[in-house]
Amino acid sequence: MTDRSHPAPGEIRASRQASGLTQKQAGALVSVTLSTWQKWEYGRHPMPKALYDLFIIKTRKGSS
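Source: prediction; values computed, not measured.

A.B. asks: Sorry if this is basic, but what is going on with the packing of aromatic side chains here?
C.D. replies: The way to describe two aromatic rings as a pair is by their centre distance and the angle between their planes. In this structure the tally under the stated criterion is two aromatic pairs. On the basis of an interplanar angle of 55 degrees and a centroid distance of 5.1 Å, the ring pair of Trp37 and Phe55 is categorised as tilted. Here the residue Trp37 occupies a position in helix α3 (residues 34–41), and Phe55 occupies one in helix α4 (residues 49–60), the gap between them amounting to 18 residues. An identical accessibility class is assigned to Trp37 and Phe55; each is buried. Among the aromatic residues, those joined into a ring-pair cluster are Trp37, Trp40 and Phe55.

A.B. asks: Any chance you could explain the pattern of salt bridges here in plain terms?
C.D. replies: If the charged atoms of two oppositely charged side chains come close together, the side chains can form a pair. Within the structure shown, the criterion is met by three salt bridges. Arg13 is the partner of Glu41 in a salt bridge, and the nearest nitrogen-oxygen pair spans 3.6 Å. Taken together, the positions of Glu41 in helix α3 and Arg13 in helix α1 (residues 9–19) put the pair 28 residues apart, joining distant regions of the chain. The salt bridge partner of Arg16 is Glu41, with a shortest N-O separation of 2.4 Å. Placement of Arg16 in helix α1 and of Glu41 in helix α3 is noted, with a sequence separation of 25 residues between them. Just as Arg16 is buried, Glu41 falls in that class too. In the salt-bridge network here, residues are joined through shared partners; they are Arg13, Arg16 and Glu41.

A.B. asks: Would you mind going over α4 with me for this structure?
C.D. replies: Along an α-helix, a turn takes 3.6 residues, which lines up residues three or four apart on a common side. Here α4 spans 16 Å end to end across 12 residues, near enough to the 16 Å set by a 1.5 Å rise per residue. The complete set of buried residues in α4 reads Tyr52, Phe55 and Ile56. Taken around the axis of α4, the buried residues stretch over an arc of 95 degrees, which confines them to a single face. The outward face of α4, more than 90 degrees from its buried face, is lined by the exposed residues Ala50 and Ile57. Next to the buried residues of α4 lie α1, α2 (23–29) and α3.

The rules we used
- Residues numbered from 1 in each chain as written.
- Predicted model: local features only at pLDDT ≥ 70, side-chain atom pairs only at ≥ 80, totals over all residues.
- Heavy atoms only, no water.
- Phe/Tyr/Trp six-rings, centres within 6.5 Å; stacked < 30°, edge-to-face > 60°.
- Helix = DSSP H or I, 4+ residues; strand = E, 2+ residues; numbered from the N terminus.
- Buried < 20%, exposed > 50% of the residue type's maximum accessible area, 1.4 Å probe, protein only.
- Salt bridge = Lys/Arg side-chain N within 4 Å of Asp/Glu carboxyl O.
- Expected span 1.5 Å × (residues − 1).
- Arc of directions from axis to C-beta.
- Contact = heavy atoms within 4.5 Å.

Given below as structure tokens:
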């Protein structure tokens, strides 16, 4: 069973790439450092679901 309290690293990476952002830009969008964003994408630390949800909301705001 998958732990859905945290997005998977591949899901984080795919969402960032679909938004056309660098890792640094994506981190700035949710107020974290480049290093923190990289740890999430590389699976070294789990990304809090609330921050992932915030990222999705902020990146989709201008796309509608």
